[in-house]
Amino acid sequence: MDNWDEIRTAWAVARHGTVSGAADSLGVHHATVIRHIDALEGRLGTRLFQRHARGYAPTEAGQALFEVAQGASDRFNQLEARIKGQAEEVTGELVVTSVPGLTDLLVPIMAGFRTDHPSVRVRFLSDMRLYRLNSGEAHVALRAGPQPSEPDYVVQPLTHLRYALYAAPAYVARHGVPKTDTDLSRHEFVGPDDLLARAPFHQWLQSTVSHDRFVFRASEPEAVNAAIREGVGAGFQPCILAPGRGLVEIMAPRPEWEAPLWLVTHVDLHRSAKVQALTAHLKAALAGRG
């Protein structure tokens, strides 16, 4: 049957016995109820009701149709209950997207989350691309920089990432440590291949030293990190991660280099159990660790 609305309307009339009772239960005008019944009977080529002074009574054909409608309604109700139950459980696939370069920070947090919720399957997507939460590409997004402003997004501040200039011990042994910004002109640097990188510390360095001081550029943050660890040149790193990478701080963090990290969810999924569980876990894991 192409028009479930007509069947639902007729079924409501059968349950209530009157057009007015069906109209009230469906929240429609009584003329709409009559139109639906007439259209359905016309399509089926048979009467579904006997009209009488007290209301409407199903015919044999009507009773057969309404038994099928009752079964369909019961199955829909069961499906709705199952879907709601799944939404209230911390289970199933959870897609998390993040800006690149934070893998060392976030993967241990994701691992801890799975320890607490072993029924969850995590997909962790680290990419410069902004995945669209409103299209269902991800459940949770971690974004750095300006506050996201897409409609229907729930945006929460997660932490402020502090950045400093770091180098490997081997590099420091060869080149020493800059004492002032002017000293930077004598150093060599590692950075992103994108000259228009929006991170505040990258923009600051681009404006402070000449391009020929960048001796190694890479499109992937992991390659930049590896080059810094290998002593190719100095580069910016999150303060929360650099000590674990065996690096030496050669210029202390500054407020203008900080990058806010935002926790972003879609309003339709924000209250689901697994999204709420992950956002709470992220907040607890990163509290005070900027």
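Residues numbered from 1 in each chain as written. Predicted model: local features only at pLDDT ≥ 70, side-chain atom pairs only at ≥ 80, totals over all residues. Heavy atoms only, no water.

### Some words on the pairing of strand 2 (residues 55–58)
Here strand 1 (residues 49–52) runs beside strand 2; their pairing, made up of four bridges, is antiparallel. What sits directly across from Phe49, in strand 2, is Pro58. Counted along the chain from strand 1 to the antiparallel partner strand 2, the turn is two residues long. (Pairing = 2+ DSSP bridges. Helix = DSSP H or I, 4+ residues; strand = E, 2+ residues; numbered from the N terminus.)

### Side note on the sheet that holds strand 11 (residues 248–251)
Within the open sheet, the three strands sit side by side as 10-7-11. Their pairing is antiparallel. If you trace the sheet from one side to the other, it starts and ends with strand 10 (235–238) and strand 11, each paired once. Sheet twist, expressed as the average angle between the axes of neighbouring strands with direction ignored, equals 60°. In terms of strand pairing, strand 7 (residues 163–167) meets strand 11 through three bridges, oriented antiparallel. Residue pairing across strands places Leu165 opposite Met251, the latter belonging to strand 11. In the packing of helix 8 (residues 221–229) onto the sheet, the strands contacted are strand 7 and strand 10, and the crossing angle to strand 10 comes to about 110°. (Axes fitted to C-alpha atoms, helices over the stretch in contact; angles between N-to-C directions. Contact = heavy atoms within 4.5 Å.)

### A word on a nonpolar patch on the surface
The grouping of Val215, Phe216 and Val232 at the surface amounts to a nonpolar patch, some 200 Å² of accessible area in total. Here Val232 lies in the loop between helix 8 and strand 10. Residue classification places Val232 among the partly exposed positions, given a relative accessible area of 31%. (Patch = residues over 30% accessible without salt bridge, like charges linked within 9 Å, V, L, I, M, F, W, Y side chains within 5 Å. Areas by Shrake-Rupley, 256 points an atom, 1.4 Å probe, with all protein chains shown as cover. Salt bridge = Lys/Arg side-chain N within 4 Å of Asp/Glu carboxyl O. Buried < 20%, exposed > 50% of the residue type's maximum accessible area, 1.4 Å probe, protein only.)

### Digging into the pattern of salt bridges
Scanning the entire structure with this criterion turns up eleven salt bridges. A salt bridge links Arg132 to Glu137; the shortest N-O distance between them is 3.7 Å. For Glu137, a relative accessible area of 22% corresponds to the partly exposed category. With its nearest N and O atoms 2.7 Å apart, the salt bridge here joins Arg186 to Asp183. Exposure remark for Asp183: the relative accessible area of 14% places this residue in the buried category.

### Topic: the packing of helix 1 (residues 4–16) against helix 2 (residues 19–26)
As a packed pair, helix 1 and helix 2 sit with axes 8 Å apart at the nearest point and diverge in direction by 120°. Considering the angle they form, helix 1 stands oblique to helix 2. Taken as a pair, helix 1 and helix 2 cross one another with a handedness that is right-handed. Mapping the contact onto sequence places Arg8, Thr9, Ala12, Val13 and His16 in helix 1 and Gly21, Ala22, Ser25 and Leu26 in helix 2. Of the residues assigned to the contact of helix 1 with helix 2, the class counts are four nonpolar, four polar and one charged. (Parallel < 35°, antiparallel > 145°, perpendicular 65-115°, else oblique. Left-handed = near helix turned anticlockwise from the far one by under 90°. Nonpolar A, V, L, I, M, F, W, Y, C, P; charged D, E, K, R; others polar.)

### Some details on the sheet that holds strand 4 (residues 120–126)
Ordered by their spatial adjacency, five strands build an open sheet running 4-3-5-12-6, and the pairing between neighbours is mixed. Each end of this open sheet is capped by a strand with a single partner; those strands are strand 4 and strand 6 (153–161). Here the strands of the sheet are splayed against their neighbours by 20° on average, with no regard to which way each runs. Alignment of strand 5 (residues 140–144) against strand 12 (residues 259–266), held across five bridges, turns out to be antiparallel. Across the sheet, Ala141 pairs through a bridge with Val264, a residue of strand 12. Sheet strands in contact with helix 5 (residues 103–116) are strand 3 (92–98), strand 4 and strand 5, and its direction is about 170° off that of strand 4. Contacts from helix 9 (residues 273–286) reach strand 3, strand 5, strand 6 and strand 12 within the one sheet, and its direction differs from that of strand 3 by about 45°.

Functional significance is not addressed by these values, which are geometric in nature.
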